[in-house]
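A look at the structure
Chain by chain, the residues run as shown.
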Amino acid sequence: MRPHHHLDEATLMSLAAGALSAPLAVVASAHLERCVECRQRLRAAEAIGAALLEQTQPEGASAQRDALRDVMLARLESESPVEAGKVTALHAAPAPLLDGSDPDRLPAALQPYFGERLSTVRWKWIGPGMYCTRGRDMPSLIMLKIAPGKSLPLHSHGGSELTQVLQGSYNDALGLFAAGDVADLDEDVEHQPVTAPGVPCICVSALDAPLVFSGWLARKLQRFVQL
């Protein structure tokens, strides 16, 4: 199973530059653990950034640049931790969930905030068939569990949103999003996800501004996801 929806170029460039906010970087890293294509695109973005940086450095700094590059490449080829809210993408990490060997195990990037396994997540009821939980020490990182066949309220975005599907799937105006897919959205997108029949849809989302809802259930959701 390969993802069909990927990270936007602007998101990858921000991540490569270290400019992506921590919650968005966590979700981006969760996607990178499973997506070979986005890991390759991220390496290309880093190469572009390194070339631009080299053009701005004094000539005498060449040896120092080479040493720093070697250290960076070594870190990129290993499983890098999440430290003090700063996230480094797992470029060369295996994609443990793509083979379906352990669907209960969360991506490594999510484990500091939600634990190692989905089965141990403590959910909060927010509406019929809808549950949420916030990431530890990162309240704008939110995991959702939505029953099959449920429609979320129509909403738009006050800023950027990244949503990684962990299990199940949903449809909206942008298409079908299944396990492994990421929705990379901005303030120009208005959509209404509808979960597919069969199994609950579980996804993790990060926001850098509140969603814009209407209606009583939507207002309840908005209170929960308020930054």
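**Brief notes about the sheet that holds strand β3 (residues 124-127)**
As summarised here, the arrangement of the six strands in space is β3-β4-β5-β12-β7-β10, forming an open sheet in which the pairing is antiparallel. If you trace the sheet from one side to the other, it starts and ends with β3 and β10 (182-185), each paired once. Taking each pair of neighbouring strands and ignoring which way they run, the sheet shows an average axis angle of 25°. Where strand β7 (residues 161-167) meets β10, four bridges bridge the pair, whose relative direction is antiparallel.

**What to know about the pairing of strand β5 (residues 138-146)**
In terms of residue burial, β5 counts as a mostly covered element, since seven of its nine residues are buried. Inspection of the sheet shows strand β4 (residues 130-135) paired to β5 by six bridges, in the antiparallel sense. What sits directly across from R134, in β5, is I142. Taking the residues between adjacent antiparallel strands as the criterion, β4 and β5 are bridged by two residues, where D137 takes a positive phi near 60°. Sheet topology places β5 next to strand β12 (residues 201-207); six bridges connect them, and they run antiparallel. Residue pairing across strands places K145 opposite I202, the latter belonging to β12.

**A word on the environment of K124**
Here K124 lies in strand β3. Considering only alpha carbons, one finds K124 and R134, ten residues apart in sequence, at a separation of 9.2 Å.

**Overview of the sheet that holds strand β9 (residues 175-178)**
Here three strands make up an open sheet; going across it, the order is β9-β8-β11 and the pairing antiparallel. Strands with a single pairing partner mark the edges of an open sheet, and in this sheet they are β9 and β11 (194-195). Both strand β8 (residues 169-172) and β11 contribute to a ladder of two bridges, which runs antiparallel. Across the sheet, the residue bridging to N171 is V194, located in β11.

**Quick word on the side chain of T133**
Locating T133 in the fold gives a position in strand β4. Of the residues examined, T133 reaches a relative accessible area of 13% and is grouped as buried. A distance of 3.3 Å separates a polar atom in the side chain of T133 from the backbone oxygen of R122.

**Details of the nonpolar core**
L7, L110, F114, L141 and M143 are the most contacted members of the largest nonpolar core, which has 29 residues in total. For this core, the elements supplying multiple residues, two or more each, are α1 (9-16), α2 (22-32), α3 (36-56), α5 (111-114), β5, β7 and β12. Take this core: its biggest share by element is seven residues, from α2. Setting aside residues no more than four positions away along its own chain, L141 makes contact with P23, V26, V27, Y113, F114, T133, R134, G135, V204, S205 and A206. Ranked by size, the runner-up nonpolar core spans nine residues in total, among them M130, C132, I146 and C203.

Cut-offs applied
- Residues numbered from 1 in each chain as written.
- Predicted model: local features only at pLDDT ≥ 70, side-chain atom pairs only at ≥ 80, totals over all residues.
- Heavy atoms only, no water.
- Pairing = 2+ DSSP bridges.
- Helix = DSSP H or I, 4+ residues; strand = E, 2+ residues; numbered from the N terminus.
- Axes fitted to C-alpha atoms, helices over the stretch in contact; angles between N-to-C directions.
- Buried < 20%, exposed > 50% of the residue type's maximum accessible area, 1.4 Å probe, protein only.
- Polar contact = N/O pair within 3.5 Å; in protein donor to acceptor, adjacent residues only side chain to side chain.
- Core = buried A, V, L, I, M, F, W, Y, C linked by side-chain atoms within 4.5 Å.
- Contact = heavy atoms within 4.5 Å.

On their own, these measurements won't tell you what the molecule is for.
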